[in-house]
Amino acid sequence: MSDDSTPLVLLHGVGQAPMAWEDVVVSLYGSRPLLTPWVPGLKPTETQLLPLEQGAAALDQQLMLEGMQQVDVCGLSYGAMVATRLAADFPERVRRLVLIAGQVRPPKLALRAQSAALKIVPASRLADSGVSKERLLLALEQARAIDLSDVLARVQVPTLVLVGAKDKANQPGARALAQGIPSARLQIVEGAGHALNVDAPAALVDLLRTFLD
């Protein structure tokens, strides 16, 4: 990357912890300040799950306390929805936006299927990754009520919407984001699935380098 000093904030998805960005961070280390926080409401030790708008407000406050006046933000899945809300509600905080496998209105049937699959996964297996099964089930339940339709027009920053070519379930949502955000463009990442930060980190890093600089 260039010598741009704008910090890059990386927001993980449901079922991930901040360490899911490890391969991306290693590649970008030293190019600019990097922050990989827990997405507000998903940290296992938190006592309550925040509604999306409150999560965005909590993230904005955290960035302010970190001394980050303006940032670039890249979010995956639920993290992408928090990032969208952050850019809409706190436009002075966000310079550029990258949304991976994001949704405008998460499909309820898909969320129910995810919840059903998650219920049979041993909690200990998730805990080994630093993730709380109870927190994930609550997040999936809350995601059913999310609707970003009315806020997309308020996202005025340059936005790159990404979705894996194999991630068929999230391609309609990605297209809806790209159509609803005025300065957005959509790019389908060939050969990639849902979690680009895990299964296609090199391709993601190249896209970030090009778009952010």
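It should be emphasised that the depicted structure is a prediction, and the values quoted were computed from it without experimental measurement.

S.K.: Please clarify how the sheet that holds strand 5 (residues 159–164) should be interpreted in this entry.
M.R.: Sheet strands line up and pair through hydrogen bonds in the backbone, either parallel or antiparallel. Strand order in the open sheet made by the 6 strands is 2-1-3-4-5-6, with parallel pairing throughout. Both edges of this open sheet fall to strand 2 (34–35) and strand 6 (184–189), since each of them pairs with a single strand only. The pairing of strand 1 (residues 8–11) with strand 2 spans 2 bridges and is parallel. When the bridges of strand 2 are listed, Val9 appears paired with Leu35. Contacting strand 1, strand 3 (71–76), strand 4 (94–100), strand 5 and strand 6, helix 9 (residues 201–212) runs over the sheet at an angle of about 150° to strand 4.

S.K.: Would you explain the side chain of His12 in this entry?
M.R.: Within the secondary structure layout, His12 lies in the loop between strand 1 and helix 1 (22–28). A polar atom in the side chain of His12 sits 3.0 Å from the backbone nitrogen of Val39. When sequence neighbours within four positions are dropped, the list of residues in contact with His12 reads Ala17, Pro18, Trp21, Pro37, Trp38, Val39, Leu42, Leu76 and Gly79.

S.K.: Even after reading the chapter, I still don't get the nonpolar core, so can you show me in this structure?
M.R.: The tendency in soluble globular proteins is for nonpolar side chains to be buried side by side. One finds Leu11, Leu63, Val73, Tyr78, Leu86, Leu97 and Leu148 to be the most contacted residues of the largest nonpolar core, which totals 38 residues. Put simply, the parts of the chain that give this core at least two residues each are strand 1, helix 2 (52–65), strand 3, helix 3 (78–89), strand 4, strand 5 and helix 7 (171–180). When residues in this core are grouped by element, the largest group, 8 residues, is from helix 3. Ignoring anything within four residues of it in the chain, the contact list for Leu11 reads Trp21, Pro37, Val39, Leu59, Val73, Cys74, Gly75, Leu76, Gly79, Val82 and Ala83. The next biggest cluster of nonpolar side chains, apart from the first, holds 23 residues, and it includes Ala192, Leu204, Val205 and Phe211.

Thresholds applied
Residues numbered from 1 in each chain as written. Predicted model: local features only at pLDDT ≥ 70, side-chain atom pairs only at ≥ 80, totals over all residues. Heavy atoms only, no water. Pairing = 2+ DSSP bridges. Helix = DSSP H or I, 4+ residues; strand = E, 2+ residues; numbered from the N terminus. Contact = heavy atoms within 4.5 Å. Axes fitted to C-alpha atoms, helices over the stretch in contact; angles between N-to-C directions. Polar contact = N/O pair within 3.5 Å; in protein donor to acceptor, adjacent residues only side chain to side chain. Core = buried A, V, L, I, M, F, W, Y, C linked by side-chain atoms within 4.5 Å. Buried < 20%, exposed > 50% of the residue type's maximum accessible area, 1.4 Å probe, protein only.

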